[in-house]
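# Structure at a glance
Chain residues, written in single-letter form:
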Amino acid sequence: MLNKTLAFIGAGNMAKAIIGGLIAQGYDPKKITATGPRMENLQKVADEFAVNITTDNLDAVRNADVVILSVKPQMLKQVASELSSAVAHRPLMISLAAGITTESLQRWLGGELSIVRAMPNTPSQVLQGAAGLFANVYVSSQQKNIAYEILSAIGMVIWVEREELINTVTAVSGSGPAYYFLFMEAMIDAGVAQGLSRETARALTLQTALGAATLASQSDLDVAELRQRVTSPKGTTEQAILSFEKDQLRVIVKDAMKACANRAEELSQLLGQ
Ligand SMILES: NC(=O)c1ccc[n+]([C@@H]2O[C@H](COP(=O)([O-])OP(=O)(O)OC[C@H]3O[C@@H](n4cnc5c(N)ncnc54)[C@H](OP(=O)(O)O)[C@@H]3O)[C@@H](O)[C@H]2O)c1
């Protein structure tokens, strides 16, 4: 377990998920400080996790080995620029902000700092997240391990070698939960249209999603092979799969994920100025 002093700049949903995950793994809450503009919100975080709290971002950063930037992307330019006077000791910076490049962060923070950019997702709230990480050239292998351990508190972590691949991570896992929610919505509606109560259709759909994901993640077989094994020739599943293929499901998914990655790139141009 790490023994570093952590400062979370912004103590919203994602910061709370990581703090909760770290503490569940035995991290000392006294090594963690959470900041934010409103003491009443911070007090709730302190009540829940027994971490230190302050409305003074600079104070938290000056005393930190690792700074986790967990404010909304639109806030980050202002917040990071204000922090520039407090990072002379060169803490490891981890940014959770969607669409903000390490180059922009470096410019705002004002130096050649070790910066890890992370793209987590919402299942992090139940410690089932999937996060992509990118490290800039100033991050040491020891700092990479630290970032990996921190993000592992909320789920699976994968490193990418090129920063632009973070946009692809966004298209796969960052926005991915919403695709599955949409698919589940459609399955529930179709089950109801065929006569099930909404409650029953929902219960069957959710358990099926969970079961399929668990089976796929525990199996040595490729997902295509798993699908083929439940698709008997002339059987019922085959009819559904043929219908999906006729309606170009693969093209629909590919186009949607391209649109997502393109938007991630647009946002980083817009927010990074
Ligand atoms: N949620 C996700 O699934 C997800 C996925 C991928 C990436 N991310 C990234 O994670 C970051 C945080 O997202 P979130 O969902 O946790 O947002 P959030 O719940 O809105 O949290 C943001 C926090 O920042 C605080 N804050 C605002 N201004 C501040 C300032 N000047 N200094 C310090 N703190 C300040 C807010 O405090 P008040 O509430 O008191 O204003 C709030 O608690 C974002 O950059 C987002 O892109 C989130």
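Scroll up to find the structure.
Our subject in this report is the structure included herewith.

Rules used throughout
Residues numbered from 1 in each chain as written. Predicted model: local features only at pLDDT ≥ 70, side-chain atom pairs only at ≥ 80, totals over all residues. Heavy atoms only, no water. Helix = DSSP H or I, 4+ residues; strand = E, 2+ residues; numbered from the N terminus. Buried < 20%, exposed > 50% of the residue type's maximum accessible area, 1.4 Å probe, protein only. Contact = heavy atoms within 4.5 Å. Areas by Shrake-Rupley, 256 points an atom, 1.4 Å probe, with all protein chains shown as cover. Lys, Arg positive; Asp, Glu negative; His and termini not counted. Charge placed at Lys NZ, Arg CZ, Asp CG, Glu CD. Salt bridge = Lys/Arg side-chain N within 4 Å of Asp/Glu carboxyl O.

So, on to the overall build of the protein. Helix and strand counts for the protein come out as 12 helices and 8 strands. In terms of its C-alpha atoms, the protein occupies a principal-axis envelope of roughly 70 × 40 × 35 Å. Expressed as a percentage of its 273 residues, the buried residues of the protein come to 40%. Counting contacts in the protein only where the partners sit at least 6 residues apart, residues at least 24 apart contribute 61% of the total. Total accessible area on the protein is roughly 15,300 Å²; 56% of this is exposed by carbon and sulfur atoms. Averaged over its 24 positive side-chain charges, the protein has a centre that lies 1 Å from the centre of its 26 negative ones.

With that out of the way, let us pick up the pattern of salt bridges. Between side chains of opposite charge, pairing is possible as soon as their charged atoms come close. All chains considered together, the criterion is met by 8 salt bridges. Where Glu225 meets Arg229, a salt bridge forms, and the shortest distance between an N and an O atom there is 2.9 Å. Here the residue Glu225 and the residue Arg229 both occupy positions in helix α10 (residues 223-229), the gap between them amounting to 4 residues, near one helical turn. One salt bridge connects Arg250 with Glu245, and the closest N-O pair in it is separated by 2.8 Å.

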